[in-house]
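Fold and contact review
Chain residues, written in single-letter form:
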Amino acid sequence: MSEPVFPGEAPDGLAIRVRGLRKSFGAKTVLDGVDLDIRRGEFFALLGPSGTGKTTLLRILAGLELPDAGTVLAARRRTTVYQEPRLIPARRVLANVTLGLPSSVREAGRRALAEVGLEGYGRAWPATLSGGEAQRVALARALVRDPEVLLLDEPFAALDALTRLQMQELVAELCARHRPAVVLVTHDVDEAVRLADRVVVLREGALAVDQAIDLPHPRDRDTPGFTAHRRLFLTHLGVTAAAH
Amino acid sequence: MSVSGSAPESTAVSVSGSAPESPAAAREEARGLEAPRFLGARRRPAALSVAVRIAVPLLLLAAWWYGSASGRIPPDVLAAPSAVAGALRELIATGQLTGYLLASGHRAGLGVLAGGGLGLVLGVAAGISAVGEELVDPTMQMLRAVPFLALVPLFISWFGVGETFKIVLIAVAAAIPMYAYTYLGVRNVDRKVVEAARGFGLRGHRLALGVVIPSALPSILMALRISLSVSLTGLIAAEQIGATEGIGYLVTLAQQYFRPDYMVLCILVYAALGLVFDGAIRLLERVAMPWRGHVVAR
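Quick notes on the rules
Residues numbered from 1 in each chain as written. Chains lettered and ligands numbered in written order. Predicted model: local features only at pLDDT ≥ 70, side-chain atom pairs only at ≥ 80, totals over all residues. Core = buried A, V, L, I, M, F, W, Y, C linked by C-beta atoms within 7 Å. Buried ≥ 20, exposed ≤ 12 C-beta atoms within 10 Å, placed from the backbone. Helix = DSSP H or I, 4+ residues; strand = E, 2+ residues; numbered from the N terminus. Contact = placed C-beta atoms within 7 Å. Axes fitted to C-alpha atoms, helices over the stretch in contact; angles between N-to-C directions. Parallel < 35°, antiparallel > 145°, perpendicular 65-115°, else oblique. Left-handed = near helix turned anticlockwise from the far one by under 90°. Nonpolar A, V, L, I, M, F, W, Y, C, P; charged D, E, K, R; others polar. Pairing = 2+ DSSP bridges.

Once that is clear, we can look at the nonpolar core. Residues and elements named next belong to chain A. The biggest cluster of nonpolar side chains holds 69 residues, and the ones touching the most others in it are Leu-47, Val-183 and Leu-184. With seven residues, helix 4 (residues 131-143) is the largest single contributor of residues to this core. Not counting chain neighbours up to four residues away, the residues in contact with Val-183 comprise Ile-38, Phe-44, Leu-46, Leu-58, Leu-61, Val-149, Leu-151 and Leu-152.

Owing to its 3.6 residues per turn, the α-helix aligns residues three or four sequence positions apart on the same side. All names here are of chain B. For helix 11 (residues 247-256), the full list of buried residues reads Ile-247, Gly-248, Tyr-249, Leu-250 and Val-251. Where helix 11 is buried, its residues contact helix 5 (96-128), helix 10 (204-239) and helix 12 (260-288). Looking one or two places after helix 11, you find Phe-258, whose phi comes out positive at around 45°.

It is worth spelling out the packing of helix 10 of chain B against helix 12 of chain B at this point. All names here are of chain B. Between helix 10 and helix 12, whose axes approach to 11 Å, the crossing angle comes to 160°. Classified by the angle their axes make, helix 10 and helix 12 are roughly antiparallel. Helix 12 is crossed by helix 10, and the crossing has right-handed handedness. Residue-level inspection shows Leu-217, Leu-221, Leu-224, Arg-225, Leu-228, Ser-229 and Leu-232 of helix 10 in contact with helix 12, the latter providing Tyr-270, Leu-273, Gly-274, Phe-277, Ile-281, Leu-284, Glu-285 and Ala-288. In the contact of helix 10 with helix 12, the residues fall into 11 nonpolar, two polar and two charged.

What follows deals with the sheet that holds strand 9 (residues 206-212) of chain A. All names here are of chain A. Pairing within the open sheet is mixed, and its six strands lie in the order 5-6-7-3-8-9. Each edge of the open sheet is held by one strand with a lone partner, namely strand 5 (78-81) and strand 9. Averaged over all adjacent pairs, the angle separating strand axes in this sheet is 20°, with direction ignored. Here six bridges tie strand 8 (residues 198-203) to strand 9, and the two strands are oriented antiparallel to one another. Looking at strand 9, one finds that Val-199 is bridged to Gln-211.

Now for the sheet that holds strand 4 (residues 69-74) of chain A. All names here are of chain A. Taken together, the three strands give an open sheet; going across it, the order is 2-1-4, and neighbouring strands pair in antiparallel fashion. The outermost strands of the open sheet, each flanked by one partner alone, are strand 2 (28-39) and strand 4. For this sheet, the mean angle separating the axes of adjacent strands, direction not counted, is 15°. Together, strand 1 (14-25), strand 2 and strand 4 form the strand contacts of helix 1 (residues 54-61), whose direction differs from that of strand 2 by roughly 60°.

In structure tokens:
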């Protein structure tokens, strides 16, 4: 199995550099001196229980929150897929995908829709889409911007189990083709182990584990080594019973 | 177990912060990166916010004062602040201002209460039920197109020029915006929440009072703002005829006796009332909607 699984090429250098990042909300410190480097083309997953600042870190990278202290550097072309699709109900699907871009990208928008399996949906209204379809539109909206950094804020959390598996597959495939640096925020350990090159567990405002995952793709629970990784992360998340 | 085809660096474990790195190499690695531009709203100090809020009215006041004092604004075009202050003192000393405000407040209060109440009930009914919408909406939309001032002659012939005429005129004026905005607000209430409430057995007035009206409150309070300001217009029209007191009557006085100081004073009284209404509604918003203000984009 020496054949490259990822046909896309990962450029050299960093996509994200974070040093000494601090952020508090009132008396609660959610990020307490985080240092983090993410390489270009790296699929990075951020695990952590609710309220540990995973989403805050992602929102700082997206420019939606200001850090209290520390340096944050990121590649220029960044785009986010949120937990909800966040489509504009008053614009058709294609207009949502090419939102804020010049009209010359309409063709690229259609291609992005085709890539997420929604060819011919350009003139549909967002309200007529299912949850999974809407989330795929959100993914196309991110892809058409050719991101260097793709920020995924629990993008599968609101989907049903089957759609979630399909979406995970689609995201893995698209990221392998386009090779953005990915930051996936999730609390689903299986999802992180399945998709990511590297998983970090965030606990009490700091990185508790930082682990590369060297398993061949596609991965599932039967892939050798999957369970070991899963158990490690679950232990660090404070879940012991389910790990065995 | 084989290593995936990605570049070796991309899967290397980088234990955060502990990797030795020369400053030059670190810079090279991070070439082309930038600090994310902040897209959110920065927290502004409360004092600054208040200062900005009152700056424009204060500037207008200062310009007025300077223009009059330097003679650039002739007194017959716009009375000087001192003249207006004199007129105000005069009105306060004779007790007329209080009397006028009370008389107008009584008329506007009753009118808004009756008209606004009716508009609220009709708006909720039309918003909740299809039959209600069919019964009420076409008529209200037609009525909305009729300027309420066009009703003055008709109302005088029905009610005479007494108090009833004045209150009914204001009530009609207040009912229409209250209906329109309430209807809109009720239609925009989350249908899933209403559906769930129906599932828990809520119907009729319990559904309206417990679920629909609280959810539509932002629109209803907006409607109240507009009803209140429309009631001031109604006062001017109503108190031109058959009145001997009231802030609408004050406008008539200023016109009849050609008193520039009273003309400006009327405007200031209305402006002050606007400020009072706005403050009252803001307070009401805070009291009536305690769940707001906890909403954050997450």
